[in-house]
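Residue-level structural notes
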Amino acid sequence: MTSTYADHDQFDLHPALDSLLLSDVIHPSRDLWTPRELRDLTSFVASELTTGLLQILDYSTEHRWWARLGLTEGVELWLLSWLPGQGTEPHDHGGSAGSFTVLTGRLREDYRYPAGPIRSAVRDTGDALGFGSGRAHQVLNPFEAPAATVHAYSPPLVPTREYASLHDIPDSIPPLPAQRLPLAQLRQLADLEGP
């Protein structure tokens, strides 16, 4: 594990947020999180740890910026920034459930469930959503102001799959992995991965 994270037996936390509050809410012993639990987590972190998040937050003109806030065997937690014009490719989360809460600014999300229509929504500051493993989306900042978001995924460090278009997602997205990985193995993967 890199030295930028506080290292504990059951979880890793970003050192600027290594607090009793955050270690209590990430519940290191929980296996998998539901979309509702993930939404509650990102919403809580965005609202209760705002000052610490804003101190960590950075922006990059070259690409979206991100920092891992926490990692357990059951969940990963991220802070992302979005300058105007930045966004993701269409992707799914490889079978993980996910969530994001808009910390600052606003974003547009285009999303689709297999065999369903493509939908779009503007996500404003404070908006939080959780989603199951069968959802693909693309998140963009087409607005004039920067934005920041808090994301969570369970199980953690499952690779995303990118698509040329949301029209290209398969009829079904594979189910969640059968078991979570030990934290030691996740730490090795964490050094190689981004959100």
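Predicted model only: the values in this text are computed from it and were never measured.

Across the 7 residues of strand S4 (residues 76-82), 7 count as buried, placing the element largely inside the fold. Burial along S4 is two-sided: the residues Glu 76, Trp 78, Leu 80 and Trp 82 and Leu 77, Leu 79 and Ser 81 are all buried. Judged from the 6 bridges that link them, strand S3 (residues 65-71) and S4 form a sheet pairing that is antiparallel. Note that in S4 the partner of Gly 70 across the bridge is Leu 77. Examined bridge by bridge, S4 and strand S11 (residues 147-154) share 7 bridges and lie antiparallel to one another.

All right, on to unusual backbone geometry then. Comment: phi is negative for the bulk of residues other than glycine, and the bulk of peptide bonds are trans. Here the amide bond leading from Ser 154 into Pro 155 is cis, since omega sits at -5°, within 30 degrees of zero. As for its position among the elements, Pro 155 is in the loop between S11 and strand S12 (161-162). One non-glycine residue, His 27, lies in positive phi territory at about 40°. Among the secondary structure elements, His 27 is positioned in the loop between helix H1 (20-25) and helix H2 (35-48).

For the rest of this paragraph, the subject is the sheet that holds strand S8 (residues 119-124). Taking strand neighbours across the sheet as the criterion, the 5 strands line up as S8-S7-S10-S5-S12 in an open arrangement whose pairing is antiparallel. Whereas interior strands pair on both sides, the edge strands pair on one side only; in this sheet they are S8 and S12.

Moving on, we come to the nonpolar core. In this structure, Leu 22, Leu 41, Val 45, Leu 53, Leu 69, Leu 77 and Leu 79 are the most contacted members of the largest nonpolar core, which totals 26 residues. Taken together, the elements giving at least two residues each to this core come down to H1, H2, helix H3 (50-56), S3, S4, strand S6 (97-104) and S11. With 4 residues, the top contributor of residues to this core is H2. Beyond its immediate sequence surroundings of up to four residues, Leu 69 is in contact with Asp 12, Leu 13, His 14, Leu 17, Leu 22, Val 45, Leu 53, Ile 56, Leu 77, Trp 78, Leu 79 and Val 150.

Throughout the structure, instances matching the rule amount to 6 salt bridges. A salt bridge links Arg 106 to Asp 124, with the shortest nitrogen-to-oxygen separation between them at 3.2 Å. Here Arg 106 is found in strand S7 (residues 106-112), whereas its partner Asp 124 is found in strand S8, with 18 residues between them in sequence. Judged by its relative accessible area of 38%, Arg 106 is partly exposed. Between Arg 123 and Glu 109 there is a salt bridge whose closest N-O contact spans 2.7 Å. Taken as a pair, Arg 123 in strand S8 and Glu 109 in strand S7 lie far apart in primary sequence, 14 residues in all. Glu 109 matches Arg 123 in its accessibility class, with the two residues each being buried. Residues participating in the shared-partner salt-bridge network are Glu 109, Arg 123 and Arg 135.

As recorded in UniProt, the feature "binding site: Fe cation" (unreviewed entry) lies at His 91, His 93 and His 137. Taking the farthest pair of C-alpha atoms as the criterion, the annotated set spanning 47 residues converges on one region, since that pair is 9.1 Å apart. Looking at the element boundaries, His 91 is found in strand S5 (residues 91-92). If near-sequence neighbours (up to four positions away) are discounted, His 91 is found in contact with Ala 136, His 137, Thr 160, Arg 161, Glu 162 and Tyr 163. Among the structural elements, His 137 can be located in strand S10 (residues 136-140). The exposure class assigned to His 137 is buried, which follows from its relative accessible area of 2%. His 137 has contacts with Thr 88, Glu 89, Pro 90, His 91, His 93, Phe 100, Glu 109, Asp 110, Tyr 111, Phe 131 and Leu 166, leaving out every residue within four places of it along the chain.

About the thresholds
- Residues numbered from 1 in each chain as written.
- Predicted model: local features only at pLDDT ≥ 70, side-chain atom pairs only at ≥ 80, totals over all residues.
- Heavy atoms only, no water.
- Buried < 20%, exposed > 50% of the residue type's maximum accessible area, 1.4 Å probe, protein only.
- Helix = DSSP H or I, 4+ residues; strand = E, 2+ residues; numbered from the N terminus.
- Pairing = 2+ DSSP bridges.
- Core = buried A, V, L, I, M, F, W, Y, C linked by side-chain atoms within 4.5 Å.
- Contact = heavy atoms within 4.5 Å.
- Salt bridge = Lys/Arg side-chain N within 4 Å of Asp/Glu carboxyl O.
- UniProt positions renumbered as here; feature names shortened; annotations may be inferred.

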